[in-house]
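As a plain string of letters, each chain reads:
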Amino acid sequence: MDAMRLIGVTRHALAQAGTVHDIVAEAWQIQALAEAIGGHFVMSGPVAARAEARGLCEAGSRARGALFRPALHHPALHSGGLRAAQLSEVRDPREVLLALGDLLAEAGFALVGVASNTDEEALYWQCVEAIDAADEARDRVHGMLRHLTVLEWGGAA
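The shown structure was predicted, so the numbers you read here are calculated from the model rather than taken from an experiment.

**Side note on the pattern of salt bridges**
As a working rule, side chains carrying opposite charge can pair if their charged atoms are close by.
Part 1 of the reasoning: One pass over the structure, following the stated rule, counts six salt bridges.
Part 2 of the reasoning: Between D2 and R91 there is a salt bridge, and its shortest N-O distance comes to 4.0 Å. A residue pair is termed long-range when its members are at least 10 positions apart, and D2 in the segment before α1 (3-16) and R91 in the loop between α4 (75-78) and α5 (93-116) qualify at 89 residues.
Part 3 of the reasoning: A relative accessible area of 11% places D2 in the buried class.
Part 4 of the reasoning: On the basis of relative accessible area, R91 is assigned to the exposed category, the value being 61%.
Part 5 of the reasoning: Close ionic contact of R140 with E52 constitutes a salt bridge, the shortest N to O distance being 3.3 Å. With a gap of 88 residues between them, R140 in helix α6 (residues 121-152) and E52 in helix α3 (residues 50-67) connect regions that are remote in the sequence.

Right, dumping it as structure tokens:
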């Protein structure tokens, strides 16, 4: 499935998430998607952007690790499985990176809401770590966009 379609489906799922468990599960899905898109760029993106793409993979993996908890073993995650596994192509790298950056920001905002409203200390710290990783992932996305811009304008990245 095209990356933009996956981002759209995932954005819709996050918007529909009604419980803490659903929000955490969707944030996990978003980080998995960031990791998959980063992996796509590592394998087939411009050489200049590959270091940032590897960093995106690492940030997504770290955030998913922070958010892993037994609550993720619920129907919201299992009904559709791991959406990122369906990634088959990135047609417009710039558009995908811009949309992924926005989606990571939305995940961060959703996790701030969860962290702000929980009395569960473990969940709070998991969200804080995942928010930090989402910010790092967004930084990597912006770095990749800078590399693409330099390449488009004929410079050396």
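**Concerning the packing of aromatic side chains**
Part 1 of the reasoning: In the structure shown here, the tally under the stated rule is one aromatic pair.
Part 2 of the reasoning: Taking 4.9 Å as the distance between ring centres and 85 degrees as the angle between the ring planes, the aromatic pair formed by Y124 and W125 counts as edge-to-face.
Part 3 of the reasoning: Assessed through its relative accessible area of 32%, Y124 is described here as partly exposed.
Part 4 of the reasoning: The side chain of R64 reaches across the aromatic face of W28, ending 4.9 Å from its centre.

**Remarks on the confidence of the model for the chain**
Part 1 of the reasoning: A residue-level look at the chain finds 87% of positions with pLDDT of 70 or above and a mean pLDDT of 88.
Part 2 of the reasoning: Mean pLDDT values over the elements of the chain span from 48, in α4, up to 97, in α1.

**What to know about α1**
Part 1 of the reasoning: Given a rise of 1.5 Å per residue, 14 residues ought to cover 20 Å, and the 20 Å separating the end C-alpha atoms of α1 matches this to within 8%.
Part 2 of the reasoning: Three or more residues of α1 are buried, namely A3, L6, I7, T10, A13 and L14. The buried residues of α1 occupy an angular sector of 125 degrees when the element is viewed end-on, so they sit on one face. Among the exposed residues of α1, those oriented more than 90 degrees off its buried face are R5, H12, A15 and Q16.
Part 3 of the reasoning: Close packing links the buried residues of α1 with α2 (20-44) and α5.

**A look at the side chain of E26**
Part 1 of the reasoning: The topology assignment puts E26 in helix α2.
Part 2 of the reasoning: Judged by relative accessible area, which is 5%, E26 ranks as buried.
Part 3 of the reasoning: Beyond its immediate stretch of four places on either side in the chain, E26 contacts T10, A13, L14, A17 and R83.

How each quantity is defined
- Residues numbered from 1 in each chain as written.
- Predicted model: local features only at pLDDT ≥ 70, side-chain atom pairs only at ≥ 80, totals over all residues.
- Heavy atoms only, no water.
- Salt bridge = Lys/Arg side-chain N within 4 Å of Asp/Glu carboxyl O.
- Helix = DSSP H or I, 4+ residues; strand = E, 2+ residues; numbered from the N terminus.
- Buried < 20%, exposed > 50% of the residue type's maximum accessible area, 1.4 Å probe, protein only.
- Phe/Tyr/Trp six-rings, centres within 6.5 Å; stacked < 30°, edge-to-face > 60°.
- Lys NZ or Arg CZ within 6 Å of the ring centre and 35° of its normal.
- pLDDT = per-residue confidence, 0-100.
- Expected span 1.5 Å × (residues − 1).
- Arc of directions from axis to C-beta.
- Contact = heavy atoms within 4.5 Å.

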